[in-house]
Amino acid sequence: MITKKWQPYPTYKDSGVEWLGKIPEHWEVKKLKYISYLTMGQSPSSDDYNHEGYGSPFLQGNAEFGNRHPQAKIFCATVNKYAEKGDILISVRAPVGALNEADTRYGIGRGLCSIRPRDIIIREFAWYLIQVVKVELNFLSTGSTYEAVAVTDVSNLSCLLPPLPEQQKIAQFLDRETSKIDNLITKTRTSIDHLKEYRTALISAAVTGKIDVREH
């Protein structure tokens, strides 16, 4: 268990955003639309989809999302909206707020919105930032059949903006620390899998007479 105690900043101010509370005094709060370019996806006719690789790889929604990068299952030659390599992809339909990063140029359907950071925000910092600020979308999800949000909801997300050098340091810090946590998770899962295998083998050995447990 990681129990490091991190030091706070020396001075804070009110962010003006209820769920954010106080933030470091030298940080700013800006709407996402002022620090990035947003593109809402658009879905062509399903008759234009193919599995043979003709046209651009196309993402209909978060169903194609992976751990960090998506994997397109279909292609389309009549794409209207694109996400460029490095863009952050956010799901605007259930589950609203799911995130991935484009590892190539993709056509995107109406279930997705792409976010391309402007020069005032470092891409790596934006990746972590949006994981936090997307909480605002939970209060906005609407729809009788499925939850959904509009591009205006995404564009108006309240975002924290530290100075650029600090953004870089935060991104590097989080890369390093989350990597440690991911490694611990992997080791824990491996240990759990081994224990489950041992449990199954133990039960099987005991009930089939492979081991003598009379003295235990």
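One can find the structure itself at the top, above this paragraph.
Described below are features of the structure shown in this document. (Residues numbered from 1 in each chain as written. Predicted model: local features only at pLDDT ≥ 70, side-chain atom pairs only at ≥ 80, totals over all residues. Heavy atoms only, no water.)

1. Side note on the overall build of the chain
Here is step 1: Within the chain, the regular secondary structure consists of 3 helices and 13 strands.
Here is step 2: A globule of 216 residues ought to have a C-alpha radius of gyration of about 17 Å, yet the chain, at 23 Å, is considerably larger.
Here is step 3: Projected onto its principal axes, the C-alpha coordinates of the chain cover approximately 75 × 60 × 35 Å.
Here is step 4: Considering only contacts within the chain whose residues lie at least 6 apart along the sequence, 64% involve residues at least 24 apart. (Helix = DSSP H or I, 4+ residues; strand = E, 2+ residues; numbered from the N terminus. Rg over C-alpha atoms; globule rule 2.2 N^0.38 Å. Contact = heavy atoms within 4.5 Å.)

2. Topic: the pattern of salt bridges
Here is step 1: The final tally for this structure, using the stated rule, is 6 salt bridges.
Here is step 2: The residue Glu84 makes a salt bridge to Arg105 at a minimum N-O spacing of 2.9 Å. Of this pair, Glu84 sits in the loop between strand 8 (82-83) and strand 9 (88-91) while Arg105 sits in the loop between strand 10 (99-101) and strand 11 (106-108), and the two are 21 residues apart along the sequence.
Here is step 3: By relative accessible area, Glu84 is classed as partly exposed at 28%.
Here is step 4: Overall, Arg105 belongs to the partly exposed group, its relative accessible area being 40%. (Salt bridge = Lys/Arg side-chain N within 4 Å of Asp/Glu carboxyl O. Buried < 20%, exposed > 50% of the residue type's maximum accessible area, 1.4 Å probe, protein only.)

3. Considering the packing of aromatic side chains
Here is step 1: By the definition in use, this model includes 4 aromatic pairs.
Here is step 2: Each ring, one from Trp6 and one from Phe173, has its centre 5.1 Å from the other, and the planes form 90°; the classification is edge-to-face. Remark: Phe173 occurs in helix 3 (residues 164-207) and Trp6 occurs in the segment before strand 1 (12-14); sequence separation between them is 167 residues.
Here is step 3: Site record: aromatic cluster; members linked through ring pairs are Tyr9, Tyr12 and Trp27.
Here is step 4: A cation over a ring is seen here: Arg68 above Trp127, with NZ or CZ 4.1 Å from the ring centre.
Here is step 5: Here Arg118 stacks its cationic end above the ring of Tyr37, 4.2 Å away from the centre of that ring. (Phe/Tyr/Trp six-rings, centres within 6.5 Å; stacked < 30°, edge-to-face > 60°. Lys NZ or Arg CZ within 6 Å of the ring centre and 35° of its normal.)

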